[in-house]
Amino acid sequence: EPGIGKSRLLLEGRPLLPTLRTLDVVGYEPERQVPLAAARSLLHQLDALPDDPKSWGNAEPISVFEAAYRAVASSGPTLLVVDDAQWVDERSLALCHYLLRASIGEDDDLVLLAAGRPGDAMAMFGASVQSVLGEPGSVTFLELRPLGHDAGVRLVTELWADVGSQASDIWRRAAGSPYWLEILAGARGREASGDRLRRRAASMGPDANELAAILAAAGRPETPERLAEIARWEEGRTRRAIDRLADSGVVVQGAGVVRFSHDLMREAAAVDVPSVRMRDIHARWAALLESSADDDDVAILRAALEHRVAAGIDPAALALRVARSPRRRWLGEDGLASLATVAQAGAGVDPLRLELRQAIAMLAAEIGAHAMALEHWSRLADDHPDPLARTDAMIGAGRAAAELRRADETRSWIELARDRRPDDVQAVELATLDAHASIWLEHRGEAGWATAFEAAERGRLLGALEPESRSSGPRSRSALIGALEVAFEAAIQSDAYVEVVRLADELIEASRSGDEETYLRAIYLAGVADDTAGAIRSSERRHRHVWSEARERFLPSMAVDAGFHLVQKLLQLGELEDAAGVLAETQDLVRRIGDFGRFRARTRMTPWELAFLRGQRREAIAGLQAGLADQPDPHHRIAFHQALALWSARLEGTAAEADVVANIDAGRANAAEARCPRCRLGLEIAGAEALVRSGRAAAASRTLASWDLERPDPIPGDRVWRSWVVGLLADAEDRPSDAIDQLDTAATEASRLETSLDAELIRLDRARIMTRLDRAAAAEAYREVAARTSAMGATAYTQLAERGLRALGVRTWRRGASRPNPPTAGIERLSAREREVARLVAGGATNPEIAATLFLSRKTVERHVSNVLAKLDVRNRAELAGRFVGPSNEGGPR
């Protein structure tokens, strides 16, 4: 309860952890609706906000959180102190949770000390912290109670040495509250209650009384200069009033600000101020904050809005400014609900409030509050007097319904909007929404593709419209990009890889004049297009570029999408160590922010694919099965069944027949439900391979024949796969020479595409077949594959090669290698990331410095350093420095 000493306990707790850097989050009641108000000093201390307000564009809160986390992670063990948690705003609490969740599993712990008043807010905060940390004993809850008689009397005696027999009476009058015990002891027992304290504050003179009211309305510490501006006094008069308040214990001064000595003092100062006078003070604060804030200063604008409401001034115009701020996404759902309250306070046809409701609906969609967006768009579709605005609202409602996966409702809004004679831009947006609903909600692939390509064509025509028309400008560009993206999805699904590449180029061109995130997304999609066209190395370069840029520019959602695709490309290229490093960092991001990518059906399996390749078969299969159970969309389940069938067949052959058939059947059922030919045909070619390996050659042959009819011109990667399956079928039909010819063709083409892992598995199959023709050549082929896959780290394939050697009677054990003598030994085995780390270590950088330079976590840096030391066979950082020159010489070996 107030006055029990929670803030003092937090203060006393700090010296118990002297080696930890301390960060503070402090809640103030009037600012509980102001985004990141409580974390303001923490963010500045961490330098987690951009110097240039426009440098992050429409910065997502998650970008700010990630910047704060990286600053904490690079600075070592940290103590996070949260005081008056019941008043901490929603966004600041979310930041605390983000930092806690991000620190789980890191070697350098984050310690949280939090205090607040009893009640729902504190109970929910405590329960959520317990949920985040999970482990028993990781959280301790302590309820502070009033001091008992003996402890209370001892405190009074320490504060007032000659108190004598009055000590017990003071303890009784203070009800054991340490705060009131200190106040009463300091006043030598003259003040008996909060009422008398208020009267004492009021008796200090009109100026002190006025300043206390101004500070109470502000609700947080303020500078003497701002207090003087609100009071409209000169500096000397303000200083005298502050000194009077400080002498009486009402306020304290420090760090250039004035604050109440306790919440109880603020409440006491505010309670007797006449309402008319307090409204006037709030109006002055509102005017000052509003006039001093840029549009980017959403926290200050939000505080000004609270003062306007308290002053009884119509806040609609300021609420609209807040809703359109570049930082509007920081408001969160609580802030959004507050703006909605303002919007609903006026008449439905009030133009200003109609604008506000539109802005609220758009903001709700931006932050993912789709149910709220649907509610506001639906009302605007009924209430707005302008026909075009009503159509906009119907499109917005349709988009929100689509995000909520309400297919029938989405379709209804599309048809309603079409009946309203949409303009050119609206027609493009409607066609885009229609295509999205057809493809992803209704699973009507061919109809959706046709609509998507039509949307793209309509979007291209927008550029030919007159510059002054409504259908030009940023909205026109946004409509074009949306249409091109859905057409890109349609081209991917329909396997039109030439069109995929063309659309990717168009997206890059259309996005050049947009914001940074839109442009990076276009490059990311171009990487997907390269993959489809068989340009694996180009795809890897593009995804690495997006992954690096997104992390550096604090765009974590984009980094997750690009990171998983980069891992997939690195696996195909046989660069498993680099893939493992990127995967670990990407999974760290997922743990902090979640994973929402739409192009991630297959790349969601990369963690288990890597485990499988490293020989961890059980873990890989168990992880894949768990991942399959978590997939609600039949579209995404196809890839999981495909992988389970393939992995089982490749490792176990005919012993896996039952599992192979079961997974192919399940995959086909999901493909029928999803109605995506690309994924269905991908399953079929994989199924043909799995079936022939598991002893079902006839079924495999039928499957391949059906596939050929639907894929007369397969994409490059699938052409390799087809030759591979044809070779396996030839072997099953006892035509080993034909099989080897087909596998040679497949291996050559796989090498050309740089799909190194596939090339090695094809060579394994070739070696197996060669045992029937030339055992010595087969043994040599097995040795070569074992050496290459071992260097890659593809243990599963190395084990298959060694199994083949043992079947030929060749021993596969190896003597322990002696320490390499040449200075450059092992350097060629380092991945690109490991070389970066090695250069920095050689230059004398510490792990925290490397983490900050490369935007990695300390844990990831430590793993890279360990890998480098092992690969170079050196004992410590000093020996490593002997292998590498400094950064000035490109980090090359001596």
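Analysis parameters
- Residues numbered from 1 in each chain as written.
- Predicted model: local features only at pLDDT ≥ 70, side-chain atom pairs only at ≥ 80, totals over all residues.
- Heavy atoms only, no water.
- Phe/Tyr/Trp six-rings, centres within 6.5 Å; stacked < 30°, edge-to-face > 60°.
- Helix = DSSP H or I, 4+ residues; strand = E, 2+ residues; numbered from the N terminus.
- Buried < 20%, exposed > 50% of the residue type's maximum accessible area, 1.4 Å probe, protein only.
- Lys NZ or Arg CZ within 6 Å of the ring centre and 35° of its normal.
- Salt bridge = Lys/Arg side-chain N within 4 Å of Asp/Glu carboxyl O.
- Pairing = 2+ DSSP bridges.
- Axes fitted to C-alpha atoms, helices over the stretch in contact; angles between N-to-C directions.
- Expected span 1.5 Å × (residues − 1).
- Contact = heavy atoms within 4.5 Å.

Quick notes on the packing of aromatic side chains
What the rule picks out here adds up to 4 aromatic pairs. Where Phe 65 meets Tyr 98, the ring centres are 5.6 Å apart and the plane angle is 55 degrees; that geometry is what we call tilted. Here Phe 65, found in helix H3 (residues 61-75), pairs with Tyr 98, found in helix H4 (residues 90-103); they are 33 residues apart in sequence, far enough to count as distant. With respect to burial, Phe 65 and Tyr 98 carry one shared label: buried. The side chain of Arg 551 reaches across the aromatic face of Trp 547, ending 3.9 Å from its centre.

Some points on the pattern of salt bridges
Going through the model one piece at a time under the given rule, you end up with 77 salt bridges. As a salt-bridge pair, Asp 296 and Arg 327 come within 4.0 Å of each other at their nearest N and O atoms. Here Asp 296 is found in the loop between helix H14 (275-292) and helix H15 (298-311), whereas its partner Arg 327 is found in the loop between helix H16 (316-323) and helix H17 (332-344), with 31 residues between them in sequence. Two residues, Arg 711 and Asp 718, come together in a salt bridge whose shortest N-O distance is 2.6 Å. Judged by relative accessible area, Arg 711 falls into the buried class, the value being 7%. With a relative accessible area of 10%, Asp 718 lands in the buried category. Among the charged side chains, a salt-bridge network with shared partners connects Arg 650, Glu 689, Arg 693, Asp 731, Asp 734, Asp 765, Arg 768 and Arg 772.

Quick notes on the sheet that holds strand S1 (residues 21-26)
Taken together, 3 strands build an open sheet; the order of strands is S1-S2-S3 and the sheet is parallel. Among the strands making up the open sheet, the edge pair consists of S1 and strand S3 (110-114). Each neighbouring strand pair of the sheet contributes to a mean axis angle of 20 degrees, computed without reference to strand direction. With 6 bridges connecting them, S1 and strand S2 (residues 78-83) associate as parallel partners.

Overview of helix H40 (residues 795-807)
Because the α-helix completes a turn every 3.6 residues, residues three or four places apart line up on one side. Relative to the 18 Å expected for 13 residues at 1.5 Å per residue, H40 spans 18 Å between its end C-alpha atoms, a close match to the ideal helical length. Packing partners of the buried residues in H40 comprise helix H30 (606-613), helix H32 (634-652), helix H38 (756-770) and helix H39 (775-792). Just downstream of H40 lies Gly 809, where phi reads positive at about 85 degrees.

Function-wise, these values are silent; they only describe arrangement.
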